[in-house]
Amino acid sequence: SDQISIDALAAWLRRFQHLVADNRGYLTELDSAIGDADHGANLDRGMTAVVAKLDEAPSPDAADLFKRTGMTLVSTVGGASGPLYGTFFLRLGTGLGAVTSVGAAELGAGLRAGLEGVVQRGKAEPGDKTMLDALLPAVEAFDAAGVDSVTDAVHAAFEAARAGRDDTEPLVARKGRASYLGDRSAGHLDPGATSTALLFQALDETLAG
Ligand code: ADP
Ligand code: MG
Ligand code: MG
């Protein structure tokens, strides 16, 4: 099956930063409805810092790339999403190891490790109206696609993340700030599920060229 190079993995992060910057206002608008109106600013600050680090020195391997990403997000984002995205990338880096390219099976295992980190850290369950509601279906769709084509698996993951994001709209939040609203959190997309769909959109676009 096809392989993703370390350069393509770094390009994924750069494309995610672009998508976050382009959607900064939208993510903040979503967070103003059910949170504290900072999700776009939080992630934009974090990913801008990640790209600045990559500009200073490229990473030699996937472990280094994603550990630096995770540590930078933890130290610059704050809020709920900083430790959650940070843990996702730290575990992804540990899961992939010090390799310079990854295939579908390795990436699937790495994404699964990242997902497990988010669950351990945030203790959310499916349907709690969090980023997990985009991340879990994405990882499951990736696995279900098999290992013949990493491009196809990533595309399936993106479509599932987008559907999971859309499915958060009617949900009542049970984790994070949005849960303080109780029933009034229903009728809005979850900001973190929306940014997680952007993460998979970025990977899909990177591989599509
Ligand atoms: P904060 O809520 O601290 O202002 P952000 O606005 O940056 O942080 O991020 C909010 C997002 O974090 C939510 O939309 C939700 O997707 C995610 N989130 C919050 N708490 C949890 C949790 N316990 N587990 C998973 N995701 C969570
Ligand atoms: Mg917020
Ligand atoms: Mg906040």
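Residues numbered from 1 in each chain as written. Chains lettered and ligands numbered in written order. Predicted model: local features only at pLDDT ≥ 70, side-chain atom pairs only at ≥ 80, totals over all residues.

1. Observations regarding the site of ligand 1
- The environment of ligand 1 is made up of 23 residues, and the closest members are Gly 79, Gly 122, Thr 130, Gly 176 and Gly 192.
- Among the residues forming the shell around ligand 1, the class breakdown is 7 nonpolar, 9 polar and 7 charged. (Near = placed C-beta within 6 Å. Nonpolar A, V, L, I, M, F, W, Y, C, P; charged D, E, K, R; others polar.)

2. Considerations on the nonpolar core
- Core analysis: the largest hydrophobic core is formed by 58 residues, its most contacted members being Leu 135, Ala 138, Phe 142 and Ala 157.
- Not counting chain neighbours up to four residues away, the residues in contact with Leu 135 comprise Leu 115, Val 118 and Thr 196. (Core = buried A, V, L, I, M, F, W, Y, C linked by C-beta atoms within 7 Å. Buried ≥ 20, exposed ≤ 12 C-beta atoms within 10 Å, placed from the backbone. Contact = placed C-beta atoms within 7 Å.)

3. Let's talk about helix H7 (residues 132–144)
- The first and last C-alpha atoms of H7 sit 18 Å apart over 13 residues, in line with the 18 Å expected at 1.5 Å per residue.
- Burial analysis of H7 places 10 of its 13 residues in the buried class, the great majority of the element.
- Among the residues making up H7, those that are buried are Leu 132, Asp 133, Ala 134, Leu 135, Leu 136, Pro 137, Ala 138, Val 139, Ala 141 and Phe 142. (Helix = DSSP H or I, 4+ residues; strand = E, 2+ residues; numbered from the N terminus. Expected span 1.5 Å × (residues − 1).)

4. Remarks on helix H4 (residues 62–77)
- In this model H4 runs 22 Å from its N-terminal to its C-terminal C-alpha over 16 residues, within 8% of the 22 Å that 1.5 Å per residue would give.
- Of the positions making up H4, those classed as buried are Ala 62, Leu 65, Phe 66, Thr 69, Gly 70, Thr 72, Leu 73 and Val 77. All buried residues of H4 project into a common sector of 165 degrees when viewed along the axis, lining one side.
- Of the surrounding secondary structure, the elements contacted by the buried residues of H4 are helix H1 (6–22), helix H3 (39–56), helix H5 (81–96) and strand S2 (101–102).
- In the stretch just after H4, Gly 78 is the one whose phi turns positive, near 65 degrees. (Arc of directions from axis to C-beta.)

5. Observations regarding the packing of helix H8 (residues 150–167) against helix H9 (residues 191–208)
- Orientation of H8 relative to H9, taken along the N-to-C sense of each, is 160 degrees, at an axis distance of 8 Å. Here H8 lies roughly antiparallel to H9, going by the angle between them. In this structure, the crossing between H8 and H9 has a hand that is left-handed. Across from Thr 151, Val 154, His 155, Ala 157, Phe 158, Ala 161, Arg 162, Gly 164 and Arg 165 in H8, the residues of H9 making contact are Ala 193, Thr 194, Thr 196, Ala 197, Phe 200, Gln 201, Leu 203, Asp 204 and Leu 207.
- Grouping the constituent residues of the contact of H8 with H9 by class yields 9 nonpolar, 6 polar and 3 charged. (Axes fitted to C-alpha atoms, helices over the stretch in contact; angles between N-to-C directions. Parallel < 35°, antiparallel > 145°, perpendicular 65-115°, else oblique. Left-handed = near helix turned anticlockwise from the far one by under 90°.)

6. Some details on the confidence of the model for the protein chain
- When pLDDT is averaged along the protein chain, the result is 97; 100% of the residues meet or exceed 70.
- Of the two predicted TM-score estimates for the complex, the pTM is 0.98 and the ipTM is 0.99. (pLDDT = per-residue confidence, 0-100.)

7. So, the UniProt feature "domain: DhaL" (unreviewed entry) in the protein chain
- Under the local residue numbering, the UniProt record ascribes the feature "domain: DhaL" (unreviewed entry) to residues 7–205.
- Along residues 7–205, the helical share is 71% and the strand share 1%, with 14 Å between the first and last C-alpha atoms. (UniProt positions renumbered as here; feature names shortened; annotations may be inferred.)

8. Quick notes on the packing of helix H6 (residues 104–122) against H7
- The contact between H6 and H7 brings their axes to 10 Å, and the two run at 155 degrees. In terms of orientation, H6 and H7 fall into the roughly antiparallel class. Our pair here, H6 against H7, has a crossing hand that is left-handed. Along the contact surface, H6 presents Gly 108, Leu 111, Arg 112, Leu 115, Val 118 and Val 119, while H7 presents Leu 132, Leu 135, Leu 136, Val 139, Phe 142 and Asp 143.
- For the contact of H6 with H7, the class distribution of residues is 9 nonpolar, 1 polar and 2 charged.

9. Regarding the environment of Lys 123
- Counting through the fold element by element, Lys 123 comes out in the loop between H6 and H7.
- Sequence spacing of Lys 123 and Lys 175 is 52 residues, and the spatial spacing of their C-alpha atoms is 8.4 Å.

10. What about the environment of Thr 130?
- Turning to its location among the elements, Thr 130 is positioned in the loop between H6 and H7.
- According to the C-beta neighbour criterion, Thr 130 is buried, with 31 such atoms within 10 Å.
- Between the C-alpha atoms of Thr 130 and Ser 179, which are 49 residues apart in sequence, the distance is 10 Å.
- For Thr 130, the contacting residues outside a window of four places in its chain are Gly 122, Ala 124, Lys 175, Gly 176, Asp 190, Gly 192 and Ala 193.

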